[in-house]
Amino acid sequence: MASISPVQVIAVTSGKGGVGKSVVAVNLALALAGMGRRVMLLDGDLAMANIDVMLGLGAERTLADVLAGKCGLEDIVLQGPGGIHVVPAASGARSMVRLSVQQQAGLIHAFGRYADQLDVLMVDTATGIDDATIGFVRAAREVLVVLCDEPASIADAYALIRLLNCDYGVSRFRILSNMVAGPREGRELFVKLLRLTEQFLAATLQYVGTVPWDDSLRRSVQRQSAVCEVFPRSKSAMAFRAIAERVDGWPLPANPRGHVEFFVEHLIRAAQAKSA
């Protein structure tokens with residue numbers, strides 16, 4: 001395969017449900033696309049996929065059909081708002097474990113063919129610490145942890161970071177405070193999590209920013225749309241665009257770790273190693 005430019009692979013994850021993780025993934029993808037970046041959004045929740053539903057796209061085929069050899073990746077990729085490419089999720093977290101060598105090569109090649117058309121691969125993982133989530137996070141270059149101002153959210157985010165750091169050697173985490181009153185509250189929330197990790201872990205936490213709660217978020221979800229698309233002047237939409245500017249400044253990998261095909265290869269290997 002011809003040499004390609006690195007693709008920024010970002011896993012958006014959280015320790016618990018209800019923190020707005022998928023909303024963050026969708027709107028960050030759209031905000032980056034609005035800056036001229038070529039973005040693919042992969043639904044990494046292999047059990048309860050919802051990205052296509054959130055955007056009102058109604059996927060007829062998913063990654064499961066690609067893994068089963070029923071169609072190619074190009075047959076399932078949906079055109080989302082703002083020009084983003086959406087890959088609807090497969091059903092069944094063990095599907096990658098059962099791939100033959102030929103299927104593995106085909107899947108890697110299929111994603112690799114998109115690499116020269118992408119700047120960012122955004123992966124919305126499942127909530128928690130199941131095998132699929134760990135696999136996606138380990139295969140990504142950047143890990144964005146979403147939390148909100150609830151004791152359970154902080155505790156579960158810490159548990160996720162501790163597992164990834166202690167058991168899998170992930171050392172850097174980007175933190176986004178979501179659904180809070182404002183920037184001050186978002187920063188305070190980050191500091192609470194930072195104090196825990198500094199005391200017990202050898203991990204680096206970097207604050208990305210805050211998305212304040214506003215009614216536009218609720219209304220956009222009800223309309224199956226991204227708030228950045230339907231309410232671009234809302235506080236939350238402006239916050240997403242500001243965060244996207246910071247994300248766009250993250251350094252690109254200088255080695256194949258950032259390539260899309262490497263991401264898929266690493267993910268398959270991680271799934272197979274876990275099942276061995």
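Everything here concerns the structure above.
Below you will find a few notes about this structure. (Residues numbered from 1 in each chain as written. Predicted model: local features only at pLDDT ≥ 70, side-chain atom pairs only at ≥ 80, totals over all residues. Heavy atoms only, no water.)

It is worth spelling out the sheet that holds strand E8 (residues 204-212) at this point. Taken in spatial order, the 8 strands of this open sheet run E3-E4-E2-E5-E1-E6-E7-E8, and their pairing is mixed. Strands with a single pairing partner mark the edges of an open sheet, and in this sheet they are strand E3 (78-79) and E8. (Pairing = 2+ DSSP bridges. Helix = DSSP H or I, 4+ residues; strand = E, 2+ residues; numbered from the N terminus.)

A general tendency of soluble globular proteins is for nonpolar side chains to be buried together. Formed by 53 residues in total, the largest nonpolar core has its most connected members in Leu63, Phe173 and Phe263. At 7 residues, helix H6 (residues 151-168) tops the list of elements feeding residues into this core. Residue contacts for Phe263: discarding those within four places in its chain leaves Val9, Leu42, Leu121, Val123, Phe136, Ala139 and Ala140. With 41 residues, the next largest nonpolar core counts Ile51, Ala239, Ile243 and Val247 among its residues. (Core = buried A, V, L, I, M, F, W, Y, C linked by side-chain atoms within 4.5 Å. Buried < 20%, exposed > 50% of the residue type's maximum accessible area, 1.4 Å probe, protein only. Contact = heavy atoms within 4.5 Å.)

The way to describe two aromatic rings as a pair is by their centre distance and the angle between their planes. A complete count under the given rule lists 2 aromatic pairs for this structure. Between Tyr158 and Phe200, the aromatic rings sit 6.5 Å apart at their centres with planes inclined by 65 degrees, giving edge-to-face as the arrangement. Remark: Phe200 occurs in helix H7 (residues 183-200) and Tyr158 occurs in helix H6; sequence separation between them is 42 residues. Judged by its relative accessible area of 12%, Tyr158 is buried. Phe200 sits in the exposed class, given a relative accessible area of 53%. Between Phe190 and Tyr207 the ring centres are 5.2 Å apart and the planes differ by 40 degrees, which places this aromatic pair in the tilted class. Residue Phe190 is found in helix H7, and its partner Tyr207 is found in strand E8; the two are separated by 17 residues along the sequence. Tyr207 gets classed as partly exposed once you look at its relative accessible area, which sits at 22%. (Phe/Tyr/Trp six-rings, centres within 6.5 Å; stacked < 30°, edge-to-face > 60°.)

This brings us to H6. Between the first and last C-alpha of H6 there are 25 Å, a value that for 18 residues agrees with the 26 Å anticipated at 1.5 Å per step. Within H6, burial applies to Ser153, Ile154, Ala157, Tyr158, Leu160, Ile161, Leu163, Leu164 and Asn165. In this structure, the buried residues of H6 make contact with strand E1 (8-13), helix H5 (131-139), strand E6 (142-147), strand E7 (172-180), H7 and E8. Of the residues one or two after H6, Gly169 is the one with positive phi, at around 75 degrees. (Expected span 1.5 Å × (residues − 1).)

With that settled, the discussion passes to the environment of Leu28. When you line up the elements, Leu28 lands in helix H1 (residues 21-34). Overall, the relative accessible area of 1% leaves Leu28 in the buried class. Along the primary structure Leu28 and Ala237 are separated by 209 residues, whereas in three dimensions their C-alpha atoms are 9.4 Å apart. Once you skip the residues sitting within four places of it in the chain, Leu28 turns out to touch Met122, Leu144, Phe240, Ile243 and Ala244.

It is worth spelling out the pattern of salt bridges at this point. Summed over the entire model, instances satisfying the criterion amount to 9 salt bridges. For Arg38, the salt bridge identified is with Asp119, shortest N-O distance 3.1 Å. Of this pair, Arg38 sits in the loop between H1 and strand E2 (39-44) while Asp119 sits in the loop between helix H4 (101-115) and strand E5 (120-125); the two residues are 81 residues apart in sequence, bridging distant segments of the chain. Each of Glu142, Arg172 and Arg174 takes part in salt bridges that share partners, so that together they form one network. (Salt bridge = Lys/Arg side-chain N within 4 Å of Asp/Glu carboxyl O.)

Moving on, we get to unusual backbone geometry. A positive phi angle is found at Met179, which is not glycine, with a value near 55 degrees. Position of Met179 among the secondary structure elements: in strand E7. Given the relative accessible area of 29%, Met179 is considered partly exposed. Not every positive phi belongs to a glycine, and Gln224 is a case in point at roughly 55 degrees. Relative to the elements of secondary structure, Gln224 occurs in the loop between helix H8 (215-222) and helix H9 (227-230).

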